[in-house]
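Structural description and commentary
Take a look at the letters that make up each chain.
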Amino acid sequence: MKAEDLLFSHPFPVVVTDGEGKIKLVNQKFEALVNRSQKYLKGKYLFSLLEGGEKLKKHLLEAYNKSIDVLGVRLGDRYFSFSPLYVSNNLKGVVVVVEPAGELSFGEDILLLLKGLSHEIRNPLGGIKGAAKLFKELSSYDEELVNVMIEEIERIERLLNDVVRSFDFSSLSFKKENIHRLIQQAVELFSSRISEMDIEILYRFDPSLPEIPVDADRLLQALINLIKNAIEAMEECPRRILKLETGYAIHPSGFIFIKVSDTGKGMDSEELKNFSLPFFTTKEKGLGLGSFIVREVVKGHGGELKVESRKGEGTSVTLLLPMKREDGKDSCGR
Ligand SMILES: Nc1ncnc2c1ncn2[C@@H]1O[C@H](COP(=O)(O)OP(=O)(O)OP(=O)(O)O)[C@@H](O)[C@H]1O
Ligand SMILES: [Mg+2]
């Protein structure tokens, strides 16, 4: 068996270089990744082909010079691993494997799952709806009952569309927005629960913040989930304060922050670790999707998410959002 055959069947892009990063061999997946043929690639430096490749150089040289595996180096939405290549006990070069970053594909997997699920539900629904319509054509039937059936089916159809749409974070549309207006809009949705539970609300807004480019629907969705979590965390607590802060982030610069803090039950280190994983929940009726949505929305905006929590004291979640789009545009595109 030749080395080429082994590489060919590898599920990810693989490239073999010498000790300096000069390409000796690639598999087809790597050819596709950089959109170049094996012939073109041979003898070229790996770093010169990939955007941000300089960052990889250090790790590749380290793998070769120290003869160690360097795993999980993240560049953009990919992970790179570097392993020394031995041929008959002689160090000959480095094997570099490129994998899609887990986090990113996880969200995409969920979306595919939801799309599949919604497709599976939609098919039988269509059948039932058709049957109900035929039913209407019979000479004796209870019209009101059939209309209820049809309306309910249509409601489920709309719900399915909404679910799929709300998990598709790949196509956000950006427009300059007043962040404070969005926060207030989210809080207002909980106004009856806030007064029932006697929650004190503290606003600490920086009025000098400019409007920033966001996908207003998605950011609202994230804020609603944050406030919902904060309120739910305070259910058993006698002292209930929900604090909403905004301001310019010191680090990273060029970002604003939105901070939602509660005096609720807090999280231990295990909960904190799992908090934004899809389907992680400690609530009897929770789906475990709220914080996952927050994370994905923030990621879609090129922002960062920070969580601080103390068991029995409370939680603060901070969204850091860039004031400008990376591509220089304020609207449209990702
Ligand atoms: N503000 C908070 N205070 C304490 N724990 C929190 C807070 N926010 C999230 N958590 C913890 O993280 C878990 C996951 O939160 P997430 O919003 O993803 O799901 P959920 O609230 O359980 O369900 P869903 O949001 O889908 O209704 C929660 O079950 C809870 O244990
Ligand atoms: Mg939640």
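Below or above, wherever it landed, is the structure these notes cover. Remember, it's a predicted structure, so these values are computed and weren't measured experimentally.

Topic: the pairing of strand S4 (residues 78–87)
A regular strand places its side chains so that they alternate between the two faces of the sheet. In this sheet, S4 lies alongside strand S3 (residues 70–75) in antiparallel orientation, the contact comprising four bridges. Bridge pairing in S4 links Val73 to Phe80. The turn joining S3 and S4, which pair antiparallel and follow one another in sequence, is formed by two residues; a positive phi near 60 degrees is taken by Gly76. Of the strand pairs in this sheet, S4 and strand S5 (residues 90–100) are connected by ten bridges, and their pairing is antiparallel.

Focus on the packing of helix H9 (residues 216–233) against helix H11 (residues 290–300)
Between H9 and H11, the least distance of the axes is 9 Å, while the angle of their chain directions is 145 degrees. Remark: the crossing between H9 and H11 carries left-handed chirality. Contacts between H9 and H11 involve Arg218, Leu219, Gln221, Ala222, Asn225, Leu226, Lys228 and Asn229 from the former and Gly290, Ser291, Ile293, Val294, Val297, Val298 and Gly300 from the latter. Looking at side-chain class alone, the contact of H9 with H11 contains seven nonpolar, six polar and two charged residues.

Re the site of ligand 1
If you check the shell around ligand 1, you find 23 residues, and the closest are Ala233, Thr281, Gly286, Gly290 and Ser291. Secondary structure elements with two or more residues in the shell around ligand 1: H9 and H11. Among the elements that make up the shell around ligand 1, the one with the highest residue count is H9 (four residues). By residue class, the composition of the shell around ligand 1 is eight nonpolar, eleven polar and four charged.

Digging into the sheet that holds strand S12 (residues 314–322)
Strands pair in a sheet through their backbones, by hydrogen bonds, and they do so in one of two ways: parallel or antiparallel. In spatial order, the strands read S7-S9-S10-S12-S11; together these five strands make up an open sheet with mixed pairing. The strands lining the two open edges of the sheet, one partner per strand, are strand S7 (200–204) and strand S11 (304–310). Taking each pair of neighbouring strands and ignoring which way they run, the sheet shows an average axis angle of 10 degrees. Note that S7 and strand S9 (residues 241–248) share five bridges and pair parallel. Following the sheet pairing, Tyr203 is matched in S9 by Leu244.

Conventions used here
Residues numbered from 1 in each chain as written. Chains lettered and ligands numbered in written order. Predicted model: local features only at pLDDT ≥ 70, side-chain atom pairs only at ≥ 80, totals over all residues. Pairing = 2+ DSSP bridges. Helix = DSSP H or I, 4+ residues; strand = E, 2+ residues; numbered from the N terminus. Axes fitted to C-alpha atoms, helices over the stretch in contact; angles between N-to-C directions. Left-handed = near helix turned anticlockwise from the far one by under 90°. Contact = placed C-beta atoms within 7 Å. Nonpolar A, V, L, I, M, F, W, Y, C, P; charged D, E, K, R; others polar. Near = placed C-beta within 6 Å.

Keep in mind these values describe shape, not function.
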